[in-house]
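Report on the structure
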Amino acid sequence: MIKTLRSVRTLGQFIIERQADFPYAKGELSRLLRDIGIAAKIVNREVNKAGLMDILGDLGTSNIQGEDQKKLDVYANEQFISALQSGGECCAIASEENDDIVHIDNEVSKNAKYVVAIDPLDGSSNIDVNVSIGTVFSIYRRISLSGPATMNDFLQKGTDQVAAGYITYGSSTMLVYTTGKGVNGFTLDPSIGEFCLSHPDMMSPNDGKIYSINEGNYVHFPEGVKKYIKYCQVEDDASSRPYSSRYIGSLVSDFHRNLIKGGIYVYPSTYKSPKGKLRLLYECNPLAMIVEQSGGRATDGFMRILEIQPKSLHQRTPLFIGSLNMVNKAEEFMLKYSAPES
Ligand code: AHG
Ligand code: MN
Ligand code: MN
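All values reported here derive from a predicted model rather than from experimental measurement.

**Details of the site of ligand 1**
In the neighbourhood of ligand 1, 18 residues make up the surrounding shell, with Asp122, Asn214, Tyr247, Tyr265 and Tyr267 lying closest. Taking Leu251, its main chain carries an N or O atom lying 2.9 Å from an oxygen atom of ligand 1. Here an oxygen atom of ligand 1 sits 3.4 Å away from a polar atom, N or O, in the side chain of Arg279. Contact with the protein chains covers 85% of the free accessible surface of ligand 1, which is 470 Å². Take the shell around ligand 1: its biggest share by element is 3 residues, from strand 5 (residues 114–122). In terms of residue class, the shell around ligand 1 is built from 6 nonpolar, 5 polar and 7 charged. In terms of domain composition, the shell around ligand 1 takes at least three residues from each of domain 1 (11–199) and domain 2 (210–337).

Here it is in C-alpha cells:
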C-alpha cells in the first residue's frame with residue numbers, strides 16, 4: 001500500500017500561490033522575497049560554520065553607531081546586498097552596516113520599484129557564543145519615480161511598508177514574513193535546502209507570561225518601566241504573575257519566542273540613551289508590522305511605532321512590543337509615571 005505523504009509547501013511555492021495577496025501583485029515583490037530567502041540560506045550556512053571557521057571576532061571596524069562589527073555582520077551584509085543586486089527588483093538598500101544608502105545602479109535595478117531596509121545580522125554579540133541571532137528586513141515601494149532612490153524613499157512611515165520579515169538562525173532556522181495579509185513562518189529543512197511552511201497564520205497570544213528586558217539597566221530606566229517591571233514580579237493568580245523573565249539579547253530571537261509563546265519585549269529609553277538603542281527603520285518597523293499583523297502591538301511607550309515619522313536612516317526609538325494586553329498594560333504605566341510634560 002502506498003502511504004500518503006504529507007504535502008510540503010516551500011517558501012517559493014507559497015509566494016507564488018499568494019501572489020494575489022501582494023500589493024500591486026506584479027511579481028516583483030515575490031521575486032524580492034525569493035532573493036531574500038536565497039541570501040538567508042547562504043548566511044545560514046556561514047552562521048552554522050561560525051564555530052569552525054576563522055570568521056569570529058571583531059573585524060576592527062565600527063559601524064555608524066560606533067559599535068564593533070563582527071566578521072559575520074559584514075559577511076551577512078554583503079550577501080544580502082549581493083542577492084538584492086542580482087535579483088533586479090530593488091534599487092537601493094539602507095543597512096545597519098552602511099552609513100549611507102547603498103544604490104544599486106546597474107541597468108536592471110536602477111529603476112526598480114522597491115527599496116529595502118535591513119539589519120543583516122541582529123544580536124551579533126551572540127555569534128561567538130553559539131546563541132540565536134537573526135536578520136530583520138523591511139520593504140517599501142519607492143516614492144521617487146525613477147533614477148537613483150532618494151532619502152525620502154526610505155523615510156516613509158512603517159504603515160507604508162509593503163512587506164516585512166525576519167530570519168532567526170537558532171536551533172532551527174526560520175523565515176517569517178508578512179505582506180499585510182497575516183504572518184507565515186517557514187522552517188529551513190537542511191536536507192532539501194528549502195524553507196518549508198511550518199507556522200501558517202501565526203497569531204500573537206493576547207496575553208503572555210514572559211517579559212524580556214535588560215534589567216541590568218534598571219537604574220537608568222524611566223519610572224514607568226521600573227513600575228511595570230515590579231508589576232510583572234508581583235504575585236497574582238488571576239493574571240498568572242509573577243511572569244518569567246527571558247532575555248537572549250538578540251531582538252529577533254526574543255521577539256520570535258514571545259510571538260509564539262506570548263510575552264512582551266521592552267527596550268526603553270535610558271538616561272544615557274533617551275531614544276533607546278534599537279533602530280526604527282530596520283529593527284522596530286519590520287517587527288511592528290509583523291506583530292500587528294499577528295494581533296499584537298508595538299509602541300514607543302506612547303505612540304504606535306508604525307506611525308512615527310522617520311527623520312534619518314539610523315534613527316533610534318524606544319520599543320515596547322508583543323502581546324496586545326501586555327503592551328497595553330506597560331503603556332498604562334508609561335502614561336501614569338513617565339508621560340512627557342506638555
Ligand atoms: P545588533 O547586533 O544588530 O547591533 O543588535 C543588537 C540589539 C538587539 O538585537 C538586542 O536586543 C539588543 O541590542 C541588546 O542590547 P543590550 O545588550 O543593551 O541589552
Ligand atoms: Mn540589531
Ligand atoms: Mn546588526
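**Remarks on the packing of aromatic side chains**
Counted according to the given criterion, the structure contains 8 aromatic pairs. Each ring, one from Phe14 and one from Phe186, has its centre 5.1 Å from the other, and the planes form 70°; the classification is edge-to-face. Taken as a pair, Phe14 in helix 1 (residues 11–17) and Phe186 in strand 9 (residues 183–189) lie far apart in primary sequence, 172 residues in all. Look at Phe186 and you get buried, because its relative accessible area is 0%. Where Tyr228 meets Tyr231, the ring centres are 5.8 Å apart and the plane angle is 25°; that geometry is what we call stacked. Highlighted residues: Tyr228 and Tyr231, both in helix 5 (residues 223–233), separated by 3 residues, approximately one helical turn. Each member of the pair, Tyr228 together with Tyr231, is buried. One aromatic cluster is present, built from ring pairs that chain together Tyr228, Tyr231, Phe333 and Tyr337. Lying over the aromatic face of Tyr231, Arg241 brings its terminal NZ or CZ to 3.7 Å of the ring centre.

Cut-offs and rules
Position numbers for residues start from 1 in each chain and track the written sequence from start to end. Labels follow written order: the first chain is A, the first ligand is 1, and so on. With the structure being a predicted model, the display of local features is reserved for residues of pLDDT at least 70 and the display and counting of side-chain atom pairs for 80 or more, all residues being used for whole-chain, interface and lining totals. Hydrogens are left out, water is left out, and the side-chain values use all remaining heavy atoms of the structure. Near is defined per residue: the residue qualifies when any heavy atom it owns lies within 4 Å of the molecule or strand. Within 3.5 Å is the distance limit for a polar contact, defined as a pair of N or O atoms, with the added protein rule that one can donate a hydrogen and the other accept it, and that residues adjacent in sequence qualify only through two side-chain atoms. Residue burial considers only the protein chains on display, and all accessible areas are found by Shrake-Rupley using a 1.4 Å probe. A run of H or I in DSSP becomes a helix once it reaches four residues, and a run of E becomes a strand once it reaches two; helices and strands are each numbered from the N terminus. Only Asp, Glu, Lys and Arg are considered charged in this grouping, and only Ala, Val, Leu, Ile, Met, Phe, Trp, Tyr, Cys and Pro are considered nonpolar; every other residue, Gly among them, is considered polar. For every domain, the bounds stem from an assignment made automatically or drawn from a database. Any two rings among Phe, Tyr and Trp, with Trp reduced to its six-membered ring, count as a pair given centres within 6.5 Å; such a pair is stacked if its planes are under 30 degrees apart, edge-to-face if over 60, and tilted if neither. With a 1.4 Å probe rolled over the protein chains alone, any residue whose accessible area is under 20% of its type maximum counts as buried; one over 50% counts as exposed, and the rest are partly exposed. As a reminder, the over-ring test applies to NZ of lysine and CZ of arginine, requiring each to be within 6 Å of the ring centre and within 35 degrees of the ring normal.

Coordinates in, geometry out; function isn't part of it.
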